[in-house]
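# Chains, contacts and geometry: an overview
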Amino acid sequence: MTETKLPVKNMTAPTEYLKDMEQTDPALIEKLFSYLDEINFGPFTNYEVSAALESRRPTPRDLAALLSLTAEKRLEDLAQKARRLTREHFGNSINLFTPLYIANYCENSCLYCGFNSKNNIKRARLNEEEIERELKTIAQTGLSEILILTGESQKKSDLDYIGRAAEIARKYFHLVGIEIYPLNSDDYAILQKKGVDYVTIFQETYDVKRYAALHPYGRKRVFSYRFNAQERPIAGGLRGVGFGSLFGLSDFRIDALATGIHAYLIQRKYPHAEISFSCPRLRPIPGNTFPLAGRISQKNLLQIICAFRLFMPFAGITVSSRENIIFRNNIVDIAATRISAGVHINIGGHCGKIKGDEQFEINDNRSLAEIFSMLKERGLQPVLSDYLYV
Ligand code: SF4
């Protein structure tokens, strides 16, 4: 196997915004692509990997070294350092949350997604009463953090609808996150007032050619608007922003490198922002024949997560129920700081009144009580909320 060569060299990220899309300073995207152009993935020497492992202030080039094939052979060293840094920065705490899908309508056509507007799935949107019923059911389990998700449809899940869902969620939960379509900063400011604390936006892949091929139409085609989607919530007053690629869509080493540098640049520009990573891999999709890349193993995912921990020791890292029980049990011992529990990803699933289909298949459907016991058995502290309002 040879080291990956960067295919992003000399690529220009698309910057054609639609009229209603807020434009932000292009310096960030230019900086990221110039880093990617400068850093050649290979081959890294063992010495460079050792230097990255020992660095107190890792650089983007150190991150590339940690993500390299050479570092893959030193996974145990990465994991040990990651474990030490995680315990130093987060103690034994592991935060718990659950996702709530309130609608699955989408106006985009991402080839890898079950919500693709061309897919013949059962579409639904919960009304306010149904949202509240789901939220109450989840709150009764003891969870204090909720992540509200929709497909990306401005028509079916408009700002008022999402804002209302956040307001209802705030009645039952200490922490409210969203994973919805990217917005302008004034829209995020509205959602912040409705009770939203943080937003996660997945770039999916930073390989702009692959991005264009995977997103044949819809607002999501505008790579730059999505790329700048972490700056706008910060401008709108949200506390936290999450970053992620969907590993397996393209070369995972490059996507991980780009994700890490993207978060690093935002952290340097907005030191007050709470930064986190989500680390999903492609999962089978109901009714979709998109070929799973099969190019990212659990071992690869572990390397990415450890590399993120070493690169940004204070960043939160979420591992979702896309991963299986064994992987999730082990990753909380090493680098993850937040995992989901009691997951139902169809529309209406928490109350057992399913109205609409799910986006992908999950791999760990343990209840909150089961996740709680697992963490306790491992000497970890399950945390339902670490944010107090006084
Ligand atoms: S990934 Fe998001 S935007 Fe794309 S089809 Fe799925 S729900 Fe819609």
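If you're wondering where the values come from, they're calculated on a predicted model, not measured in any experiment.

### Brief notes about the overall build of the protein chain
Looking only at helices and strands, the protein chain has 15 helices and nine strands in total. Taken over C-alpha atoms, the radius of gyration comes to 20 Å for the protein chain, in line with the 21 Å a tight globule of 390 residues would show. When the backbone C-alpha atoms are referred to their principal axes, the protein chain occupies close to 60 × 50 × 45 Å. Counting across all 390 residues of the protein chain, residues that qualify as buried make up 48%. Sequence-distant contacts, at least 24 apart, represent 77% of the contacts inside the protein chain between residues at least 6 apart.

### A closer look at the environment of Arg61
Secondary-structure assignment places Arg61 in helix H3 (residues 60–66). Along the backbone, Arg61 and Phe41 are 20 residues apart, and their C-alpha atoms lie at a distance of 9.0 Å.

### A few points about the pairing of strand S6 (residues 274–278)
Sheet analysis places strand S5 (residues 240–245) next to S6, joined by four bridges and oriented parallel. Along S6, the bridge assignment pairs Phe243 with Phe277. At this point the chain moves from S5, through helix H12 (residues 252–269), to the parallel S6, and the crossover so formed is right-handed. Where S6 lies against strand S7 (residues 316–319), three bridges are found, and the strand directions are parallel. Paired with Ser278 across the bridge in S7 is Thr318.

### Digging into the nonpolar core
Of all hydrophobic cores here, the largest spans 110 residues; its most connected members are Leu66, Ile146, Ile148, Ile304, Ile305, Cys306 and Ala307. By residue number, the principal contributor to this core is helix H13 (residues 298–311), which donates nine residues. Excluding residues that lie within four positions of it along the chain, Leu66 makes contacts with Ala52, Ala71, Leu78, Ala307, Leu310 and Phe311.

### What about the site of the ligand?
Residues in close proximity to the ligand include Cys106, Asn108, Cys110, Cys113, Phe115, Asn116, Gly151, Glu152 and Lys220, which together make up its full environment. Residue composition of the shell around the ligand, grouped by class: four nonpolar, three polar and two charged.

### Some thoughts on helix H7 (residues 159–172)
With 14 residues, H7 should reach 20 Å at 1.5 Å per residue; the first-to-last C-alpha distance of 20 Å fits that figure. Listing the buried residues of H7 in full gives Tyr161, Ile162, Ala165, Ala166, Ile168 and Ala169. Along H7, the residues classed as buried sweep out an arc of 165° about the axis, all on the same side. Exposed residues pointing more than 90 degrees away from the buried face of H7 are listed as Asp160 and Lys171.

### Some thoughts on the packing of helix H1 (residues 27–38) against H12
Between H1 and H12, the least distance of the axes is 10 Å, while the angle of their chain directions is 135°. Considered as vectors, H1 and H12 are oriented oblique to each other. In the packing of H1 onto H12, the handedness of the crossing is right-handed. Residue-level contacts link Leu28, Lys31, Leu32, Tyr35 and Leu36 of H1 to Ala258, Ile261, His262 and Leu265 of H12. Split by residue class, the contact of H1 with H12 holds seven nonpolar, one polar and one charged.

### Re unusual backbone geometry
Located in the positive-phi region is Glu204, a residue other than glycine, with phi close to 75°. Residue Glu204 is classed as buried on the basis of its C-beta count, with 24 C-beta atoms lying within 10 Å.

Rules and cut-offs
- As a convention, each chain's residues are numbered from 1 in the sequence order in which they are written.
- Where local features are concerned, this predicted model is filtered to residues with pLDDT of at least 70; where side-chain atom pairs are given and counted, the filter is 80 or more; whole-chain, interface and lining totals use all residues.
- Helix and strand definitions here come from DSSP, where helices need a minimum of 4 consecutive H or I residues and strands a minimum of 2 consecutive E residues; each element is numbered from the N-terminal end.
- The atom set for the radius of gyration is the C-alpha atoms, and the globule formula is 2.2 Å times the number of residues raised to the power 0.38.
- Residue burial is a threshold on neighbouring C-beta atoms within 10 Å of the residue's own C-beta, all placed from the backbone, with 20 or more meaning buried, 12 or fewer meaning exposed, and counts in between meaning partly exposed.
- We call two residues in contact if the C-beta atoms placed from their backbones are at most 7 Å apart.
- Paired strands, in this sense, are two strands between which DSSP finds at least two bridges.
- Seen with its strands pointing away from the viewer, a crossover is right-handed if its path from the first strand over the helix to the second goes clockwise.
- Nonpolar cores are built from buried Ala, Val, Leu, Ile, Met, Phe, Trp, Tyr and Cys residues. These are joined into a set through C-beta atoms within 7 Å.
- Being near a molecule or strand means, for a residue, that its backbone-placed C-beta atom lies within 6 Å of it.
- Throughout, the ten residues Ala, Val, Leu, Ile, Met, Phe, Trp, Tyr, Cys and Pro are labelled nonpolar, Asp, Glu, Lys and Arg are labelled charged, and all others, Gly among them, are labelled polar.
- Between the first and last residue of a helix there are one fewer steps than residues, each counted as 1.5 Å, and that sum is the expected span.
- It is the directions from the helix axis to the C-beta atoms whose arc is reported.
- All axes are obtained by fitting lines to C-alpha atoms, using only the stretch in contact for helices, and the reported angles, taken between N-to-C directions, cover 0 to 180 degrees.
- The scheme is simple: roughly parallel for angles under 35 degrees, roughly antiparallel for over 145, roughly perpendicular for 65 to 115, oblique for anything else.
- Crossing chirality is assigned from the near helix's rotation relative to the far helix, an anticlockwise turn below a right angle marking it left-handed and a clockwise turn marking it right-handed.

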